[in-house]
Structure formats: structure tokens, C-alpha cells
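Chain by chain, the residues run as shown.
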Amino acid sequence: MEILLPKEISAVITALEEYGAEAYVVGGCVRDSLLEREINDWDVTTSASTEEMRRCFAGKKLIATGEKHGTMTLLSGEYAVEITTFRKDGSYSDGRHPDSVVFSDRLTDDLSRRDFTVNAMAYNPARGLTDRFSGREDLQNGIIRCVGDAQKRFNEDALRILRAFRFMSKLKNTEGKGFVIEDATLAAMESCKERISLLSVERVTAELAGIITAERAGETLALMKKTDILSQIPSFEACDAGIERIDKLPKELETRTAALFWSISAEQAKERLAALKFKNSEIKRIAAFLENGKTALTSDIELLELTAKMGAEDAFRLFELRRIFGDGCAEKSKQRLCRLLEEGRCFKTEQLAVNGKDMAELGFEGRAIGTVLGSLLREVMAGAENSRENLLQRAKQFKEEQ
Ligand code: ATP
Ligand code: MG
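Notes on the structure in this doc start here.

Reading the values: the criteria
- Residues numbered from 1 in each chain as written.
- Chains lettered and ligands numbered in written order.
- Predicted model: local features only at pLDDT ≥ 70, side-chain atom pairs only at ≥ 80, totals over all residues.
- Heavy atoms only, no water.
- Disulfide = S-S within 2.5 Å.
- Buried < 20%, exposed > 50% of the residue type's maximum accessible area, 1.4 Å probe, protein only.
- Near = heavy atom within 4 Å.
- Polar contact = N/O pair within 3.5 Å; in protein donor to acceptor, adjacent residues only side chain to side chain.
- Areas by Shrake-Rupley, 256 points an atom, 1.4 Å probe, with all protein chains shown as cover.
- 1 Å grid on protein atoms, 1.4 Å probe; cavity = no way out; pocket = protein on both sides within 12 Å on 5 of 7 lines; lining within 4 Å.
- Sits in = over half its atoms within 2 Å of the grid points.
- Helix = DSSP H or I, 4+ residues; strand = E, 2+ residues; numbered from the N terminus.
- Nonpolar A, V, L, I, M, F, W, Y, C, P; charged D, E, K, R; others polar.

Here we look at the state of the cysteines
Reasoning step 1: Evaluation of the coordinates by the stated rule reveals 0 disulfides.
Reasoning step 2: Looking at the unpaired Cys56, the closest cysteine sulfur is the one in Cys29, lying at 18 Å.
Reasoning step 3: Assessed through its relative accessible area of 17%, Cys56 is described here as buried.

Some points on the site of ligand 1
Reasoning step 1: In the region of ligand 1, 16 residues are neighbours, and Arg31, Asp157, Arg160, Arg163 and Arg166 sit closest.
Reasoning step 2: Within the side chain of Arg160, one N or O atom sits 2.7 Å away from a nitrogen atom of ligand 1.
Reasoning step 3: Within the side chain of Lys170, a nitrogen or oxygen atom sits 3.0 Å from an oxygen atom of ligand 1.
Reasoning step 4: About the coverage of ligand 1: the protein hides 78% of its 580 Å² of free accessible area.
Reasoning step 5: If you map ligand 1 onto the pockets, it falls in the largest pocket.
Reasoning step 6: Breaking the shell around ligand 1 down by element, the ones donating at least two residues are helix H2 (28-34) and helix H7 (159-170).
Reasoning step 7: Here the element with the most residues in the shell around ligand 1 is H7; it accounts for 5 residues.
Reasoning step 8: Partitioned by chemical class, the residues of the shell around ligand 1 number 1 nonpolar, 4 polar and 11 charged.

Here is the structure:
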């Protein structure tokens with residue numbers, strides 16, 4: 001069994017070994033290499049302390065990113081490699097952070113503190129794969145299973161409950177089969193579910209976003225609902241409108257979240273999303289989908305106004321959302337908007353044959369300029385000719401009517 005390491009990463013391992021320490025790549029990068037997936041980050045685990053790392057990488061770009069936890073980040077070529085001293089976690093009394101970080105000189109301790117068997121493998125080019133918990137077999141069979149006693153592990157850190165779902169949603173084995181959560185692991189997740197309320201909103205939302213945007217979001221969210229774990233996430237109660245249909249949508253957070261929130265109002269959704277600490281730009285976009293979820297969208301002007309409001313790309317996303325929720329006209333509206341855009345129909349003032357300067361020359365001032373351009377745009381969207389001559393004439397008429 002061989003994992004091909006980028007040369008920058010094997011250089012890190014070699015440097016630590018020449019210094020006299022043990023070093024391995026570990027966790028997600030080993031899992032994803034074996035699954036032949038793209039690797040996000042290369043993480044290294046080592047017997048060296050952070051002080052020893054400093055000496056080993058003297059003169060190199062080494063940043064103390066989490067020294068209390070034994071983590072330093074080395075910038076090596078295009079990679080930012082997290083190097084962490086072997087650890088065994090102390091006890092957890094708050095359900096989310098170990099009370100103390102205990103360093104160790106044994107790789108086995110470090111692998112034992114990791115969440116799932118598939119995430120608890122280490123690899124070193126000379127020593128090969130270290131797989132104390134049969135992670136490779138679970139990987140082949142597509143199984144998510146806790147390292148050690150599941151009940152204890154979820155009691156220590158309830159974020160692992162959501163991580164298990166995230167891995168279920170995103171992983172596939174090399175035969176393309178989705179992962180299942182092993183029975184005892186799932187039972188323990190259910191019995192510890194109330195501890196999710198102890199977690200910080202940011203961490204919960206990050207995992208949730210990972211679940212929603214992955215390959216098997218529909219099945220995963222359905223399982224979260226069935227086990228009553230979804231409802232443990234504050235602000236997410238009854239937000240399951242689109243679970244069965246979500247996989248038909250592009251893997252994109254805002255579109256898919258809008259589907260989940262489809263049955264509540266845009267106003268309500270805004271409050272809940274703010275409580276979940278979604279970014280303002282995300283909240284705005286999701287709310288726009290919901291606000292336009294059921295409005296009439298048949299005439300040219302309605303379609304062009306929609307495009308003016310949310311941009312062409314999001315207008316098309318909206319049609320996808322409306323289609324999966326049974327709007328029989330969505331496909332037709334989509335084709336119609338396509339045609340309008342191909343014809344070069346106007347939907348924003350910048351596309352008009354006149355501009356603000358022209359309006360100022362006609363004697364409009366300040367906000368009146370925007371207002372008159374808006375009126376001209378509406379006329380053009382309704383079919384009036386977008387020529388300089390016509391628009392200047394219409395603007396003059398507006399001025400006279402003022
Ligand atoms: P991803 O590709 O999504 O980043 P990952 O497995 O690399 O997946 P990370 O959150 O980057 O996930 O964590 C790196 C490794 O650290 C994991 O593979 C796992 O071994 C360990 N780990 C991370 N979070 C926890 C946790 N809450 N409890 C136990 N081990 C954890
Ligand atoms: Mg990672």
C-alpha cells in the first residue's frame with residue numbers, strides 16, 4: 001500500500017525524521033488518498049514538540065497557529081501543512097473541548113483520540129499505513145464507525161454527531177457506494193443528541209453547510225430527521241420542506257438552504273439564518289429566493305424585473321427551485337427568460353440608450369435622475385423602443401409633467 005505524497009509533504013516528513021522524530025500524514029488526507037478523492041489539506045502528526053519543530057524548521061516559514069494544542073503550520077511551497085504533536089485528549093467536562101491537552105510520544109494514543117475509524121489512519125513512506133482500528137476495511141465497506149466506545153466519544157464532543165452526518169453526506173467508496181453509519185454509532189448519536197445544544201453556533205452551522213452541499217444531502221438530512229437530530233439544531237425546527245428533492249439542486253449552500261426553508265416566510269427565514277450566523281450575503285440571497293418563490297412570473301416584464309432584482313444566474317436558480325416544488329410553469333418561464341436575454345432585452349438602467357448625464361442635461365437633479373431612469377427602464381422592459389431618440393423624448397415629457 002503506497003500513498004503518493006507531494007514532494008513538499010514528504011520533505012516535511014523527512015526533515016522531522018532526520019531531526020530524530022517520528023512523523024506521519026494523518027486523518028482526512030489518508031482517508032481521501034485511499035478513496036482516490038481530491039485532498040483538501042495534508043496534516044502531519046509527529047512525536048516532536050512544538051519547540052523541536054521550531055529547531056527542525058529553523059529559517060523556514062513556521063507559524064504558531066495552535067501551539068497550546070501542539071499545532072504549528074509550515075508554509076512549504078503552495079502548501080500550508082499543519083504539524084501537530086502526538087496527543088491524547090484529557091477528559092471533556094463541557095461536551096465540546098478537552099479540559100486539558102496531554103501530549104504523548106506514541107502514535108497509537110494520537111490515533112485513539114480521533115473521531116472515526118476512517119479518520120484514524122496514519123501513513124509514513126517507510127513504515128506504510130498504520131491502521132489500528134481497521135479504518136481501511138470500513139473505508140472499503142463504506143462504514144462510519146467511532147473509534148472506541150461511541151457513547152463516550154459523542155459525550156465528549158457532540159460535534160462528532162454532525163461530523164458523522166457530514167461524512168455520510170460526502171463520502172463514497174471506490175465503487176461509488178455511499179457511506180452508512182454503523183448501528184452502535186448511530187444509536188449513540190441518537191442518545192447524545194441533546195448535547196448538540198452545548199456547541200457553538202458557528203461550529204454547528206459549518207458542519208450543517210457541509211452536509212447540505214454534499215452529494216448525499218437528501219438521504220443524510222432524512223436520517224437526521226428520522227432520528228430527531230435535525231430538530232436539535234436551534235432555528236432548524238420544521239425546516240425540512242425540501243429534503244426529498246434537495247439532491248436535484250446544484251450543490252450550493254444558498255439554493256439548497258432555500259429549499260429547506262421553502263415552507264416558511266422570507267422574514268422568518270432571515271431571523272433564523274441570522275441566529276444560525278449565516279453570512280449577510282447568504283441570508284440576502286436565500287431570502288430573495290423565498291420572496292420570489294410563489295410570485296407571478298409569466299409576463300416579459302415580470303421576468304425582466306425579476307432579473308433586475310436578483311441577476312440572471314439567480315433567476316435561473318429560482319426556476320429550478322420552483323420546478324422541484326411543483327411549479328408547472330417554471331420550465332416555460334425559464335425558456336422565455338432565456339429568449340429575452342438572447343434578444344438583448346434590457347433589465348437594468350445601465351443597458352438603456354441614455355444615462356444619468358443625459359437626464360441632468362434635461363434638467364433632472366439628484367434623486368430625480370434615478371427615478372426617471374427607472375421609469376424609462378420600466379417602459380423599455382414593457383416593450384418600448386430602447387433608442388436615444390425615443391428615450392430623450394419620453395424623458396422630456398416626464399419633465400413637462402413634473
Ligand atoms: P475534511 O476533508 O472535511 O477536512 P477531515 O477528516 O480532514 O475532513 P478535519 O476537521 O480537517 O476533518 O480534521 C482532521 C482530522 O482531525 C480528522 O480526520 C480527525 O482525525 C481529527 N478530528 C477532527 N475533528 C475531530 C473531533 N471533533 N473529534 C475527534 N477527532 C477529530
Ligand atoms: Mg481536513
